[in-house]
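# Descriptive analysis of the structure
Given next are the chains, with one letter for each unit.
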Amino acid sequence: MLRQSIEKLGHRTIQGVWRIGFAARFFLAVLLHSGTAFRRFGLTIREMYFTGVLSLIIILVSGLFVGMVLGLQGYETLQTYGSEEALGVLVALSLVRELGPVVAALLFASRAGSAITAEIGLMKATEQLSAMEMMAVDPIARVVAPRFWAGVISMPLLAALFSAMGIFGGYLVGVQLIGVDEGAFWSQMKNAVDFEQDILNGVIKSVVFGIAITTIALFEGYDAPPTAEGVSRATTRTVVTSSLVILALDFVLTAFMFRGLS
Amino acid sequence: MNKTVLDFWVGLFVIAGVVALLFLALKVGSTSAVSAANSYEVVARFDNIGGLKPRAPVKSAGVVVGRVADIRFDNETYEAAVTLRLDKRYAFPKDTSAGIMTSGLLGEQYIGLEAGGDSELLKDQDKLFLTQSAVVLENLIGQFIYGKAQEGAPE
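Residues numbered from 1 in each chain as written. Chains lettered and ligands numbered in written order. Predicted model: local features only at pLDDT ≥ 70, side-chain atom pairs only at ≥ 80, totals over all residues.

## Topic: the packing of helix H3 (residues 41-51) of chain A against helix H7 (residues 139-178) of chain A
Two numbers describe a pair of packed helices, the interaxial angle and the distance between the axes. Residue and element names in this part refer to chain A. Relative orientation of the contacting elements H3 and H7 amounts to 55°, with a least axis distance of 8 Å. What the angle tells us is that H3 and H7 run oblique. In this structure, H3 meets H7 at a crossing whose hand is right-handed. Contacts between H3 and H7 involve Leu43, Thr44, Glu47, Met48 and Thr51 from the first element and Pro146, Arg147, Trp149, Ala150, Gly151, Ile153 and Ser154 from the second. (Axes fitted to C-alpha atoms, helices over the stretch in contact; angles between N-to-C directions. Helix = DSSP H or I, 4+ residues; strand = E, 2+ residues; numbered from the N terminus. Parallel < 35°, antiparallel > 145°, perpendicular 65-115°, else oblique. Left-handed = near helix turned anticlockwise from the far one by under 90°. Contact = placed C-beta atoms within 7 Å.)

Pasting the structure below:
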């Protein structure tokens, strides 16, 4: 009984290490075979349509609502200190620094990441990947790399759209609905938000998240057992793992970026 | 799959994303960094800088003319050496004085420059001699209480 449980634990550990090593090798292989994704850019554009363009609706609508909620909640809090004009600063900084990259990445993981895993997992289950290999077409170069680059390019654009939409939502609620002074809203925002410190760091964050999400999604799909259950489990794992990785990475990146600001 | 229709949508998506980035860069944010090529640095020494931080604005007559580039502690004079990076477009006389001000009651601290009357202008790496330290609330309260106590003291 005891021996069995120890054996199980050891087996799991070894499996975990094996998976991490395989994932790292997979990531390197994707980078090495990226040539095709740029030489035949049509492939990447096609994937950008599925990961980027089709995610637009959910990103824009959520951005708008998140911004509107920030406007309402921020106003309630700032009002107690008599500094309603700082609403623009609050909305813009929280969106550009944190909420934009993170929430957009979480939505992207569940909207596009899961789709990528399911697609590649099914391709593997129906032996399309093996068929490609038989025809001397490298599936990593032909199938995986374009999806990787499409995700990496789409993610910062989606995050920027999310932030812009959120600021617009905050403007709608704060200025149009509640009646915060419009000039103060924009000018204080402009004074407080720094291009390099805030906006560029937000963009860097979203690029890192894009790399993490697409790598996890592609790997889970590529590594999925070729059964219906295996694909469904891999899809679930993609969403769970990438969400956790996004939040953990966000903490690490934030600690790096904003520590020096004091 | 109709390639052209797809390309169109992806193009639209990329343009929208770039426009959003531009909106963030131009409308929401502003670059506070004055580039090294268009600026000159002067050093001001203060007894006490209060809560001044790097990148705080340097204002003259309320207009931002530069930024605080660096704050160091001088171990020989026991003063704070604050490096100000000023925009090249604005020249100040040599006897310009610098003071640490606070915007609003609890606002951020900035450096206020008050132009003097000297005919010579400040050059790169010059020093400002006339400085006024930050007002520390505790000292102010201490002085007030001290003054009150002296008022009431019997002769």
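What follows picks up the thread again.
## Digging into the pairing of strand E5 (residues 97-102) of chain B
Residues and elements named next belong to chain B. Examined bridge by bridge, E5 and strand E6 (residues 109-114) share six bridges and lie antiparallel to one another. Its bridge partner lying in E6, serine 97 is registered against glutamate 114. Examined bridge by bridge, E5 and strand E8 (residues 130-132) share three bridges and lie parallel to one another. Counterpart to serine 97 in the pairing with E8 is leucine 130. (Pairing = 2+ DSSP bridges.)

## Some remarks on the interface of chain A and chain B
Opposite the 25 residues of chain A that make contact, chain B presents 21 residues. Contributing elements (two or more residues each) for the side of chain A that touches chain B: H3, helix H5 (87-125), H7, helix H8 (182-192) and helix H9 (195-223) of chain A. Ranked by residue count, the leading element in the side of chain A that touches chain B is H7 of chain A, at six residues.

## Concerning helix H2 (residues 137-152) of chain B
Here H2 of chain B spans 23 Å end to end across 16 residues, near enough to the 22 Å set by a 1.5 Å rise per residue. By the criterion of burial, H2 of chain B is predominantly exposed, with just zero of the 16 residues buried. (Expected span 1.5 Å × (residues − 1). Buried ≥ 20, exposed ≤ 12 C-beta atoms within 10 Å, placed from the backbone.)

## Structural notes on the sheet that holds strand E1 (residues 39-46) of chain B
Residues and elements named next belong to chain B. One open sheet accounts for eight strands, arranged E7-E1-E4-E3-E2-E6-E5-E8; its pairing is mixed. Because the sheet does not close on itself, it has two edges, and the strands there are strand E7 (126-128) and E8. Strand-to-strand twist across the sheet, computed as the mean angle between neighbouring axes with direction ignored, equals 30°.

These results come straight from atomic positions and should not be treated as a statement about function.
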